[in-house]
Every structure is written in structure tokens, then in C-alpha cells.
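Commentary on secondary and tertiary structure
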Amino acid sequence: MTSSNHSLTPDAAGDIQWLASLSQDFAASLSMPETLDNAIAQIMSYLEVEAASIFLLDPGEATLTCLACAGAVDIRGLTVANGQGIVGRAVSSGQSQLVRDVAADGDFSGAIDALTGFRTRSILCAPLQVKGRKLGALEVINKRAADANFDAGDCQLLQALAGVVSLAIHNARMAEALVEQERMRRDLDLAREIQRGLLPQSPPGFPVCAINLPALEVSGDFYDFFPLPDGRIVWGLGDVSGKGMNAALLMAKTISLFRCLGKREPDIGRLLADLNDEIAETALFGMFVTMVLGTYEPASGAVRLVNAGHQPPLLRRRDGSYAEFAAAGPPLGVLPGMSYEAVTLQLDGGRLFVFTDGVTEGLREDGSMLGLAGLQAIFDAHAGADAAAQLAAVADTLQAGGRRLRDDLTLLAIAPPPLLDREFPAESGVLAEVRATLEAALNGVGLAAEAVGELVLAVNEACMNIIQHGYAYAEGQVFRLRLWRDGGMLQVHLLDHGRPARLDDLCPRALDELRPGGLGVHFMRQLSDGIAYLPPPPGYDNLLQISKRLKA
Amino acid sequence: MRDRVEISTRKAGEYDWLGLSGDVDMHAAPQVRKALLDALQGKNGLLVDLAGVSYMDSSGVACLVEAFQTARRQGSRFALVAVAPPVLAVLRLARLDKVFTLYATVDEALAGGR
């Protein structure tokens, strides 16, 4: 009986204690190579062997490389082909190998001995594996006592050791992967932040607003807008084919080109053609960009736009009807040398919406596709709100139920913001304040003093109608007054919850009758450039529009 | 709510005189209407001085029309004096500038009555 028989009970207790302390070393390890070197030295002395080493499989499983060793010769970094020698046999078979005399084993190559001058007599080798996944092998060579050799107890102990070492290596690799994952996540967050920085935010009162919600961390959609020195606003919205990082990079390139070229090229058809040529020259095969871009002139209310393969922008006219503006040419980046024809339209109290197919192909809470009709229904339902709220309502609909977006979601609206938007109690005592508020809002819009007085009087008369006829002097009622400039026109909207009004109500009585009352409508007609009842937005029963032309 | 209209009355020769100033709007209309109809009770004829009126809407005009018609039924005189520009604009708009009798001053109104 030799002291190396570890299967006996007193020794087994010592083995377990030693294994436990080794495991603790691994658990507390800050540097895996150092801990392995330490462990292998301990293994060498505990098992009373001349050399010990750990070989790891490379990711392709073609070779085994020595990661840690102890003994007379340092073989760290030494590589053998997988399947070669006793180590290779242990790894490929997944079984421990006990070779008491290497000379009698045909698989023993002696290659390492030849390289190092070491003389191997016997080998004990256990495979390293976790959940059936091969990692490498743990090998010990030559019992130190000249007359001793490996026995079953050594084999059991080495197998137990292999389990501990396998787990330690596996954990270290998992931790490394986690660190790498975290680094990539930070990279993506940074990319997203940079991308967000490319998309401008509308300053208060700016007539163009937009939103972008990426389906993944980064987006292939984009929008942009910026003012020109001549007062026009250049705007654009695009969608790069595909999703993820490659789409995001082409997006960044396209938006940068758009901003740079857009400040120099006054002709938007030419601008789009230039963008197309640049992208076609350098874009990866199979990638393209659909885009709508244009200008908006606040002074005239004129929009010019040009469409490269993008889904048609929608003009919602002030009467609630829609017009579409189909593509004038193919997407950007498909073929150089294309030309694109621009169209001109007047907002005239309407709003222009541009959006990506992620919007129309987005899903509602019940799983149905929104579609163009669904999108229009949302715009209609929020026609009384400002454009930013209309866009937010679309985003809310497509995010209802916390569902993950299927595609990037991007919308842009061109809508002159209101100069005034306020609710008043519907009582005669408030009229002086209504007049003062309106007068203040009209200050500086370029309306002559006399015309300001006319519009104030017309609005005053309309408010009287609401109090008198709409609400029949009922208490606790309110009406809302909105004013905005639309090109050459000022538009006043009065919204109330009163008795539904009809167009007939706007027909004045004959003035010759000389009766009190009935004058108000006459005043409204005479003092404005048009009065009309429009379909009211949700939450209101009447919408009266009073228009007043701004004289050049 | 603070009153934005001021009403005063006195005699002007043989006529009653009623002065309005401030905003003659829907809020002030009931008060103005009552004052005008009260002033007509004496049937002496009424001069309505509008020099201080800064704003008038259709409800203010309606008060003047009702007073005018009441005076006509009574067979007494009704005239507007010193009509401020914002009032004149509204009266023109209602084509009432040719219906009402207008005088630049009280003296002219007194002279014109003879």
C-alpha cells in the first residue's frame, strides 16, 4: 500500500478538503491564467507527479494548446492537432486515459518529448468538458517515485479535478462573453444616442415637427429640417432598406449628405438627383433609400416636394379631405443619373404628413394592420389638436399594449402652429378679455390696425353667438379660441359644445328690417374673408372658422 | 366682473342727454339698454353722447336701434352726438350711419333741433 492510494477513506477526506480549497481559489480568481498556473502547480505536488498541464481546444476544435503547465519544461503555448496523442484521445473520446507505459501505446507520439528532451513514462489524462461540450484536457505525467505508477484512485481524483477546472474555465469564458456583450450594448447605446442627435427637435412654434421610434436600438429611418437664409424651411424624411447597424450607417450618411447639399442647392429636384448620384456611387449593393424632401415657405404657405420611391405623403386639407403625392422617381442609390420632378402645393389651412411604411404597416393593439385608412382616421380624430399631438397619437396607437415595434416608425408633419390657443368661459363678462387676447396675438403678424379691429369685432360677434344661441346663456360652459397664420391667410377657429350650428345660422336677416339682433352675422361676413362651419374635432360639437386675408 | 362702461345723464337745453364711455359690448348691453329706455321715459327727446366709447359691438348697436325705434314711436327726438371713430365704423357697417341723426357736438345738436 502506497501513500498515493487516494481511494482510502482518510485520504479521501484530505482529497475533498484539497479540492474544496482549489474550487475556492477559482471562485475568488481575478485572473484566470494566474489561477490556473497556481492550480496546476498544486496538482503536480499533490498527485506527486513530474509534470502537469492543461490543454484547451481552439474554437474551431482543430488544435489543442497548452494553457498552463508545471514541471521541468514549460510547454505553455505548445499546440498539438486535436485527436493526436494521448491528450487528443482523451478529448475526442471524452474518456479518461490511463497509460502506465507509453512505449506500449501506439497513440503516444513522443513529439513533445522530442521537442523538449523530457522523458515520458506514464500518462494520466482526463477530458475537460461542461454539459457535453469539449473544452480540452487535464494531463499528469510520471509518478515521482521511481517504482510507482498511476492507479484507479489517481484517476478518480483527476476526474474530480477536471470537473472543477472545467467549470472554472467555462465560468471565465461566460464572464468574458458578458463583458463583451456589455461593451457591444454600450456601443449600441452610443450609436443610438449619436443617431438621435442627428434628428432635430422642433423649437416651440416651428411649423415642422417629427418623431422617430426605432424598432431596434438603431434606426434606418430619418427625418431632418432646417431653415434657409431666405426664410424657407428645407425638410426631408427617408427610409433605408433593411434594419439594424448597416441601415443605421447608411442613414447617417444620407442625412449628412442631405443637410450639407440641402444648404447649397436651392432646387429640390436637383438636390434629390445629387443625393441619388452620391448614394448610388458608394452604397453597398442591394441597399437603397426611399425619401421625400422639400421646402416650406411660411410667408406664402407653399410647399414644394419631390418623392424618390417613398410612399406618398398625405395632405389633409382643412375640409378634412386628403390628397396623395406619389413618387416621381425610383429610390436613391439604385441607378445614378436619375431626375426627379417637384410638385408645389398650398397648405391653405391643411397639414402635410410624411411617414415611413413602418407606420401604415404597424399593428394596432388588436393585431390588425393600421393601413392608410387607419392612419387617416387618427389624423381626423385629432384634427383639433396641434400636429405634434397628431403624430404622438399615431405612435401611441402603434405602441398600445406594449407590443414591440415591427419596423422603425417615423412621421413628419408640416403645419403652421397656432398663434393663439386658449379656452374661455362662455359668458359675456369674458368678451373684453377675449378681444384683448386676440388683439395681442395679432400684434406683429402684419395685419393693419384697421383690419385687426375688424377681425376682433368679427370674433367678438361669433363668441356672442356661442354664448347666446349655442349655450343659451347656460353657466359653466366654455369655448376655445385658436388663431394661426397660414400663408397669406389668418384663420380663427372657435370650438364649442353648444347646440349644433348650421350654415343657415350664418345667413343674416335683411338689414332694412332694422331690428335689434341679426347684425352679428352680418358683421362677421363683412369683416372677414370667409366664415364656415367645419366638421368639429372630437370633444367639440361646433367648429366655426373665420378667415382674414393678410394683405401683401 | 368690473364694469367697462360708464353711463351719465343730464339735461342739455330742452333735451335729455346720456353719455356713454368705455366698451359697449354684450356684457354692458343690458345696463346700457335700460339706461337708454329710462332716459326716454321723459319724452323730452334724447341726445346720446358717444365721445368716450372705445368699442361697440352689435349688441351695443342693437341698444341704439331699440332706443331709436322707441323714440320714433313716442314722436320724440333721438340723436347721436360726438360719435367716436370705432362706433362710426360699426354704424357704417350696419348701414345705420344714414338712419341715425349724427352731430359732431352737443351745441350742433341743440342748434340742429330748431
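Residues numbered from 1 in each chain as written. Chains lettered and ligands numbered in written order. Predicted model: local features only at pLDDT ≥ 70, side-chain atom pairs only at ≥ 80, totals over all residues. Heavy atoms only, no water.

With that out of the way, let us pick up the sheet that holds strand β21 (residues 542-549) of chain A. Residue and element names in this part refer to chain A. Spatial ordering of the open sheet is given by β17-β18-β19-β21-β20, a layout of five strands whose pairing is antiparallel. The open sheet terminates on both sides in strands that have one partner only, identified here as β17 (418-425) and β20 (531-534). On average, each strand axis in the sheet is inclined to that of its neighbour by 20 degrees, with strand direction left out of account. In this structure, strand β19 (residues 489-496) lies alongside β21, joined through eight bridges in antiparallel fashion. In the sheet register, Leu 495 faces β21, and the bridge partner there is Leu 543. On top of the sheet, helix α11 (residues 431-442) reaches β17, β18 (478-486) and β19; it is set at about 175 degrees to β17, its chief contact. (Pairing = 2+ DSSP bridges. Helix = DSSP H or I, 4+ residues; strand = E, 2+ residues; numbered from the N terminus. Axes fitted to C-alpha atoms, helices over the stretch in contact; angles between N-to-C directions. Contact = heavy atoms within 4.5 Å.)

Residue and element names in this part refer to chain A. Applying the stated criterion to the full structure yields nine aromatic pairs over all chains. With 6.0 Å between their ring centres and 15 degrees between their planes, Tyr 223 and Phe 225 make a pair best called stacked. With respect to class, Tyr 223 is no different from Phe 225; both count as buried. Every member of this aromatic cluster is reached through a ring pair, and the members are Phe 206, Tyr 223 and Phe 225. In this structure, Lys 263 packs its charged tip against the face of Phe 226, placed 5.3 Å from the ring centre. (Phe/Tyr/Trp six-rings, centres within 6.5 Å; stacked < 30°, edge-to-face > 60°. Buried < 20%, exposed > 50% of the residue type's maximum accessible area, 1.4 Å probe, protein only. Lys NZ or Arg CZ within 6 Å of the ring centre and 35° of its normal.)

Across soluble globular proteins, nonpolar side chains show a tendency to be buried alongside one another. Ranked by size, the top nonpolar core spans 50 residues in total, and within it Trp 235, Leu 352 and Leu 412 of chain A carry the most contacts. Top element by residues in this core is helix α6 (residues 245-262) of chain A. It accounts for seven residues. Setting aside its immediate chain neighbours within four residues, Leu 352 of chain A contacts Trp 235, Val 303, Leu 305, Pro 313, Leu 314, Leu 315, Phe 325, Leu 347, Leu 412, Ala 413 and Ile 414 of chain A. The next biggest cluster of nonpolar side chains, apart from the first, holds 40 residues, and it includes Val 24, Ala 29, Ala 39 and Ala 67 of chain B. (Core = buried A, V, L, I, M, F, W, Y, C linked by side-chain atoms within 4.5 Å.)

Glancing now at the domain arrangement of chain A. Under the domain assignment used here, chain A contains domain 1 (9-176), domain 2 (202-414) and domain 3 (418-549). The C-alpha centroid of domain 3 of chain A is placed 92 Å from the C-alpha centroid of domain 1 of chain A. (Domains from an automatic or database assignment.)

For the rest of this paragraph, the subject is the pattern of salt bridges. All names here are of chain A. Counted according to the given criterion, the structure contains 26 salt bridges over all chains. Residues Arg 76 and Asp 37 are paired through a salt bridge, measuring 3.0 Å at the closest nitrogen-oxygen approach. With Arg 76 in the loop between β2 (63-71) and β3 (79-81) and Asp 37 in helix α2 (residues 32-46), this residue pair connects regions lying 39 residues apart in the sequence. Note that Arg 232 and Asp 230 form a salt bridge whose closest N and O atoms lie 2.9 Å from each other. Salt bridges sharing common partners tie together Glu 182, Arg 185, Arg 186 and Asp 189. (Salt bridge = Lys/Arg side-chain N within 4 Å of Asp/Glu carboxyl O.)

Attention now goes to the side chain of Asp 16 of chain B. Residue and element names in this part refer to chain B. Looking at the secondary structure, you find Asp 16 in strand β2 (residues 15-24). Using a relative accessible area of 15% as the deciding quantity, one classes Asp 16 as buried. Of the polar contacts made by the side chain of Asp 16, one reaches the side chain of Asn 44; its length is 3.1 Å. If sequence neighbours within four positions are ignored, Asp 16 has contacts with Arg 10, Lys 11, Ala 39, Gly 42, Asn 44, Gly 45, Leu 46 and Leu 47. (Polar contact = N/O pair within 3.5 Å; in protein donor to acceptor, adjacent residues only side chain to side chain.)

This part covers the interface of chain A and chain B. Of the residues lining the interface, 26 residues belong to chain A; the matching set on chain B comes to 23 residues. Summed over both sides, the interface between chain A and chain B buries roughly 1,800 Å², with carbon and sulfur atoms accounting for 70% of that surface. Viewed at the interface, chain B and chain A are joined by two salt bridges. When the shortest N-O distance is used, the salt bridge between Arg 435 of chain A and Asp 23 of chain B registers 2.9 Å. Here chain A is connected to chain B by eight residue pairs in polar contact (both at pLDDT 80 or more). Those elements giving two or more residues to the side of chain A that touches chain B turn out to be α11, α12 (449-470) and α13 (519-527) of chain A. With seven residues, the top contributor of residues to the side of chain A that touches chain B is α12 of chain A. In terms of residue class, the side of chain A that touches chain B is made up of 14 nonpolar, eight polar and four charged. (Buried area = accessible area lost by both parts, 1.4 Å probe. Nonpolar A, V, L, I, M, F, W, Y, C, P; charged D, E, K, R; others polar.)

Before going further, it helps to spend a moment on the sheet that holds strand β1 (residues 49-57) of chain A. All names here are of chain A. Here we have six strands laid out as an open sheet, ordered β3-β2-β1-β6-β5-β4, and antiparallel in their pairing. The open sheet has two edge strands with one neighbour each: β3 and β4 (97-99). Averaged over all adjacent pairs, the angle separating strand axes in this sheet is 20 degrees, with direction ignored. Relative to strand β5 (residues 123-130), β4 is paired through three bridges, and the arrangement is antiparallel. The partner of Leu 98 across the bridge, within β5, is Leu 124. Running at roughly 60 degrees to β2, α2 makes contact with β1, β2 and β6 (133-143) of the sheet. Sitting on the sheet, helix α3 (residues 85-93) touches β1, β2, β4, β5 and β6, and the angle it makes with β6 is about 145 degrees.

Taken together, the side chains of Phe 288, Val 334 and Leu 335 of chain A define a hydrophobic patch exposed on the protein surface, amounting to about 260 Å² of accessible area. Tracing the backbone through its elements, the reader meets Phe 288 of chain A in the loop between α7 (268-282) and β10 (289-297). (Patch = residues over 30% accessible without salt bridge, like charges linked within 9 Å, V, L, I, M, F, W, Y side chains within 5 Å. Areas by Shrake-Rupley, 256 points an atom, 1.4 Å probe, with all protein chains shown as cover.)

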